[in-house]
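Observations on the model geometry
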Amino acid sequence: MTDTSATVKSTSIDDLSVNTIRFLSIDAVQKANSGHPGLPLGAAPMAYVLYTRIMRYNSSDPKWFNRDRFILSAGHGSALLYSMLHLTGYDLSLEDLKQFRQLHSRTPGHPESMFTPGVEVTTGPLGQGLGNAIGVAMAEAHLAAKYNRPDHKIIDHFTYVIASDGDMMEGVASEASSLAGHLKLGKLICLYDDNKISLDGPTNLAFTEDVLKRYEAYDWHVQIVEDGNDLNAIEAAVKKAQEVTDKPSIIAVRTIIGYGSPLADSNKVHGSAMGEENVRKTKEFYGADPDKQFYVPAEVKEHMLLRTKEGAKLQEEWNKQFDAYKAAFPNEGKELELGSHDELPEGWQKSLPVFTPGDGALATRQAHGKTLLALKKVIPYIFGGSADLASSNDMPLDTKLSFQPDHYEEPNIWFGVREHGMGAILNGMAAHKGVRVYGGTFLTFSDYMKGAIRLASLTRAPVTYIFTHDSVGLGEDGPTHQPIEQVAALRVVPNLVTIRPADANETVQAWRLALERKEGPVALILSRQKLPVLDQSKFPSAEHVKKGAYVLKDTEGELQLILIATGSEVSLALAAQEQLGREGISSRVVSMPSWELFEEQDAAYKESVLPKKLVKRISIEALTPFGWDKYVGTEGKVLGLNRYGESGPGEEVLKELGFSVENVVAEAKKLIG
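Residues numbered from 1 in each chain as written. Predicted model: local features only at pLDDT ≥ 70, side-chain atom pairs only at ≥ 80, totals over all residues. Heavy atoms only, no water.

This next bit is on the UniProt feature "active site" (unreviewed entry) in the protein chain. In the numbering used here, UniProt assigns the "active site" (unreviewed entry) feature to Glu419. Tracing the chain through its elements places Glu419 in helix H16 (residues 419–432). (UniProt positions renumbered as here; feature names shortened; annotations may be inferred. Helix = DSSP H or I, 4+ residues; strand = E, 2+ residues; numbered from the N terminus.)

See below:
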C-alpha cells in the first residue's frame, strides 16, 4: 500500500503534467463509475515520456504515414490513453473525457480505432495489442526495405507498446513475440508495466516466471527500470532501446498499480472506480486540490502541446521529402500512395486467371495459389503468408523469397505454427497501411485465431484469410483436421464475409471480392480435393459470386425442387440434378458461396434465385447444418453433418456420410413425394 501520510507536491512542469494525466484519468473513471483507474495512476509516467520526449507525431493529422505508432496493449487502461490524446492536441475534448464509457461516446471502455483519433488499433483482449504492434513493426520494416533509397528515407518510424502482466500471460503475445525476436524487429519497443497485480489478485498466485528471461530467449533486448516514476530513467531506457537495431526491445518498468491511492498495490484498484473519497485522498497525496475535477492547468496545456507543434514541422519536412521521392521514383511513389489508401492499381483485374474444363480438375486451394501468384505480379504490396502450411495452403514456398531479417523487402511471411499470433499480426499490418495482407491455415485451426478474427471484423480491417482443407472431403487426416462447425462460426461474425467457392473460377472471383473490400475481412474457404471446372461458356459467369448466390442451372419443365450448395458440393448438386432429370424431376441448382453477400442483395434478386413459391429445397454442404433452415424453409431438407468425420480417402468419407449422388437423389424424391 502507498504511504499516504505524506503528500507529494508537484515541483516541476513534468510532475504537474504527469499528475494532470492521472487526475483526468481517475476523474473519468469515477464519473462513469466504471473503468480501470489503477493502470493510469501507475503508468502515467511511461505514457508521458513517450508522448513528450520520444515519439514523432502530429496530432492535427493523426494519419501522417511516417508517424511513430503507440499501442496500449493493456487496453483496459484506456482512460490513460484518452487523457494523453486530449492533452497532446488530438481531436478529443474535455467533454469527450467526461463521457468516458457512455453510449455513443468517443471514449469507449476499451480503445477502438474506429471512433477515437490517435487510437491506432482496437485493444482490450489481452495480448492482442502486443501482437498488433509486432504486425505494425513488420509492415514498417517491409515498406522501409522495399521503398527507401539511400538519399530518400521516407519510411522510418518506431512502434511503442505499453503492455501489462496480463498481456504477458496470454499465449497470443508469446506466439507473436517469438516471431518478432526471430525477425529482429529493432524498431519495436515494449514498455512492460510490471506491477505484479492482475484483476483477481497478486500475479504470484499464477504467474511466477521470469518474463525477461523468457524474452531474452526470444532474442529480445531487455532492460529494467526499477522506479516507474523516474522519468529520466524511462527516457534513457527507451533511447537505449532505440540504439539496438537488430532486436526488439522490452523494458520492464517497475510500477505500483494505483500509485497514490489508498487502494494502491492491490487488485482493488484494478478494475473498478475507486469511490469519491478515495479519489479525493489520491489527489491530496499529490498535493492537489481534491475539489477540482477534469482540471488542466494552463501551463500543462501549453507544455503538452509543444511536441505536436514539433510534429507538424516534421510532417511538413517529410511531405517535401516524399514529393522529392515521387519525382525521383514515380512508380514506387505511386505504389506507396495506393497501398497507404488501400487502393489497387488501375486495370489489376486483367491479371485474374480464367480456367476452363481443359485445365483439368483443380482443388480450389490450387486455384487460389495460381490466382495469388498472378495478383502479386500486378499488386506488389500484397503481403502475407501461412502458419507453417504454405505447401498445403498453396502459397509461395521459396525460403529465398521470404520476409527475413536480411530480406525485409520480400512479401512472403513464414509465420510458423502460430495461428493466433498470425491473426493479431495481420490486424497490425492492416492498421499500419501500405500493404494488403493475408494469412493462411487449415480451416479447422481458424478456431485458434478466432479472437483476432473477431477484432478484425470489429475494426473492419481489410484482411484476407485463406482457410483450406474445408470439409470431411480432405480425407485421411481424419476428424481432428476435418472441419464441421467452423464455417458456421465464421458466418455469424458481424462484418466478416465468408466465401466457399465451387470451382476455380469462383475462387478467382472470391479473391477479387476480397481485394475490392476495403472495410472488413474476408475468409476464403477452400478445398483440398480436386473439383471440376465449370464451363463458363455453358454456365453463368463466376462473377455472380459477388451476389452471394446465383442460379447455376435449371432443367426443363416446371421446377419441382431447388438444390442449394456451396463449395465442393456444387458439383455434387449438378450431378444429382442430371440424375433427377433422367427420372423426370425438374430442378434448379443454386451456387451459394456467400450467405453474407446474398443477404446484401435486394428482395427482387433474392426472389429470382429462391422463389418463395418453390418450397421444396435441399441444401447440400458437408458441414454442420446450423443456419441452413433460413434458406430451405420448413418444407425443405438440410443435408449436413451433425457429427465428426472419419479417417479415410476423401471420396469414401463423403459417400459414407451421405454426400453422394445416390443419397441426394433419394432425399429429393422423399421431399417431393
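This part is about the domain arrangement of the protein chain. The assigned domain composition of the protein chain is domain 1 (13–311), domain 2 (348–525) and domain 3 (545–672). Distance between the C-alpha centres of domain 2 and domain 3: 26 Å. Listed as interface residues are 27 residues of domain 2 and, on the opposing side, 32 residues of domain 3. Roughly 2300 Å² is buried in total at the junction of domain 2 and domain 3, and carbon and sulfur atoms are behind 60% of that figure. A per-residue breakdown of the area domain 2 buries against domain 3 is headed by Ile484, Arg491 and Arg500, which together make up 31% of the total. Where domain 2 touches domain 3, the interface holds three salt bridges. Across the pair Glu621 and Arg491 runs a salt bridge, and its minimum N-O distance is 2.8 Å. Taken together, the connections running from domain 2 to domain 3 amount to 14 residue pairs in polar contact (both at pLDDT 80 or more). Those elements that place two or more of their residues in the side of domain 2 that touches domain 3 are helix H18 (486–491), strand S12 (497–499) and helix H19 (504–516). Element by element, the count of residues in the side of domain 2 that touches domain 3 is highest for H18, at four residues. (Domains from an automatic or database assignment. Contact = heavy atoms within 4.5 Å. Buried area = accessible area lost by both parts, 1.4 Å probe. Salt bridge = Lys/Arg side-chain N within 4 Å of Asp/Glu carboxyl O. Polar contact = N/O pair within 3.5 Å; in protein donor to acceptor, adjacent residues only side chain to side chain.)

Our next topic: the packing of aromatic side chains. A full pass over the atoms with the stated rule returns 26 aromatic pairs. Taken together, a centroid distance of 5.9 Å and an interplanar angle of 20 degrees make the contact between Tyr57 and Tyr90 stacked. In this pair, Tyr57 sits in the loop between helix H2 (38–54) and strand S1 (69–72) while Tyr90 sits in the loop between helix H3 (78–87) and helix H4 (94–98), placing the two residues 33 residues apart along the sequence. What makes Tyr57 buried here is its relative accessible area of 1%. Here the aromatic rings of Phe285 and Tyr286 are separated by 5.0 Å at their centres, their planes lie at 85 degrees, and the arrangement is edge-to-face. Neither Phe285 nor Tyr286 differs from the other in exposure class; each is buried. Here a set of aromatic residues connected by ring pairs shows up, and it is made of Trp64, Trp318, Phe322, Tyr325 and Phe329. The cationic tip of Lys146 hangs over the ring face of Tyr147; the distance from NZ or CZ to the ring centre is 5.7 Å. The cationic tip of Lys547 hangs over the ring face of Tyr605; the distance from NZ or CZ to the ring centre is 4.8 Å. (Phe/Tyr/Trp six-rings, centres within 6.5 Å; stacked < 30°, edge-to-face > 60°. Buried < 20%, exposed > 50% of the residue type's maximum accessible area, 1.4 Å probe, protein only. Lys NZ or Arg CZ within 6 Å of the ring centre and 35° of its normal.)

It is worth spelling out the UniProt feature "binding site: substrate" (unreviewed entry) in the protein chain at this point. When the UniProt feature table is mapped onto this chain, "binding site: substrate" (unreviewed entry) is found at His36, His270, Arg365, Ser392, His469, Asp477, His481 and Arg528. Taken together, the annotated residues stretch across 493 residues and extend over separate regions, lying up to 48.2 Å apart by C-alpha. Structurally, His481 is set in the loop between strand S11 (463–468) and H18. Ignoring sequence-local partners within four residues, the contact set of His481 consists of Phe442, Thr444, Phe445, His469 and Leu474. Filtering out sequence-adjacent residues up to four positions away, Arg528 remains in contact with Ala363, Arg365, His469, Leu474 and Glu476.

This brings us to the sheet that holds strand S17 (residues 617–620). Across the sheet, five strands lie side by side as S14-S16-S15-S17-S18; this open sheet has mixed pairing. For this open sheet the edge positions go to strand S14 (550–554) and strand S18 (637–639), each flanked by a neighbour on one side alone. Averaged over all adjacent pairs, the angle separating strand axes in this sheet is 20 degrees, with direction ignored. Taken together, the five bridges between strand S15 (residues 561–565) and strand S16 (residues 587–591) define a ladder with parallel strand orientation. (Pairing = 2+ DSSP bridges. Axes fitted to C-alpha atoms, helices over the stretch in contact; angles between N-to-C directions.)

Moving on: the packing of helix H1 (residues 13–32) against H2. Following both chains from N to C, one finds H1 and H2 inclined at 125 degrees, their axes separated by 9 Å at the closest point. As judged from the angle between their axes, H1 and H2 are oblique. When the axes of H1 and H2 are compared, the crossing they make is right-handed. Taken together, the residues of H2 that come into contact with H1 (itself represented by Ile13, Asp14, Ser17, Val18, Ile21, Arg22, Ser25 and Ile26) are Pro40, Leu41, Ala44, Pro45, Tyr48 and Arg53. Residues that form the contact of H1 with H2 fall into these classes: nine nonpolar, two polar and three charged. (Parallel < 35°, antiparallel > 145°, perpendicular 65-115°, else oblique. Left-handed = near helix turned anticlockwise from the far one by under 90°. Nonpolar A, V, L, I, M, F, W, Y, C, P; charged D, E, K, R; others polar.)

Quick look at helix H9 (residues 231–243) now. Taking 1.5 Å of rise per residue, 13 residues should cover 18 Å, and H9 covers 19 Å from first to last C-alpha, within 8% of that figure. What H9 keeps buried is the set Leu231, Ile234, Glu235, Ala237, Val238 and Ala241. Along the axis of H9, the buried positions cluster into a sector of 160 degrees, meaning they face one direction only. Turned more than 90 degrees off the buried face of H9, the exposed positions are Asn232 and Glu243. Contacts made by the buried residues of H9 are with H1, H2, strand S2 (159–164), strand S3 (188–194), strand S6 (221–225) and strand S7 (249–254). The opening residue of H9 is Asp230, an N-cap whose side-chain oxygen sits 3.2 Å from the backbone nitrogen of Asn232. (Expected span 1.5 Å × (residues − 1). Arc of directions from axis to C-beta.)

A few words now on the pattern of salt bridges. If you walk through the whole model with that rule in mind, you get 37 salt bridges. Note that Asp14 and Arg53 form a salt bridge whose closest N and O atoms lie 3.0 Å from each other. With Asp14 in helix H1 and Arg53 in helix H2, this pair connects stretches of sequence that are 39 residues apart. A salt bridge links Lys616 to Glu635; the nearest nitrogen and oxygen atoms lie 3.4 Å apart. Taken together, the residues Lys616 in the loop between helix H22 (603–609) and S17 and Glu635 in the loop between helix H23 (629–632) and S18 connect sequence positions 19 residues apart. For Lys616, a relative accessible area of 26% gives the class partly exposed. Residues joined in a network through salt bridges with shared partners are Asp470, Arg491, Arg500, Glu569 and Glu621.

Glancing now at a nonpolar patch on the surface. Together, Met114, Phe115 and Leu458 make up an exposed nonpolar region whose accessible area comes to about 250 Å². Tracing the backbone shows Met114 in the loop between H4 and helix H5 (128–147). Under the relative-accessibility criterion, Met114 is labelled partly exposed at 34%. (Patch = residues over 30% accessible without salt bridge, like charges linked within 9 Å, V, L, I, M, F, W, Y side chains within 5 Å. Areas by Shrake-Rupley, 256 points an atom, 1.4 Å probe, with all protein chains shown as cover.)

Right, let's get into unusual backbone geometry. Here Lys196, not a glycine, exhibits a phi torsion of approximately 65 degrees, which is positive. Secondary-structure assignment places Lys196 in the loop between S3 and strand S4 (197–198). When its relative accessible area of 46% is taken as the criterion, Lys196 is described as partly exposed. The residue Asp388 is not glycine, and still its phi comes out positive at about 65 degrees. Its place among the elements puts Asp388 in the loop between strand S8 (382–386) and helix H15 (390–393).

Attention now goes to helix H13 (residues 330–340). The set of residues buried in H13 consists of Gly333, Leu336, Leu338, Gly339 and Ser340. Along its buried surface, H13 packs onto H5 and helix H12 (306–328). Looking one or two places after H13, you find Asp342, whose phi comes out positive at around 55 degrees.

Here the focus is the pairing of S11. Judged by how many residues are buried, S11 sits mostly within the fold: six of six residues are covered. When strand S10 (residues 436–442) meets S11, the two strands line up parallel, connected through six bridges. Note that in S11 the partner of Tyr438 across the bridge is Thr464. A crossover links S10 with its parallel partner S11, the connecting element being helix H17 (residues 450–458), and its sense is right-handed. When S11 meets strand S13 (residues 522–525), the two strands line up parallel, connected through four bridges. Each residue of the ladder has a partner; that of Ile466, found in S13, is Leu524. (Right-handed = clockwise from strand over helix to strand, strands pointing away.)

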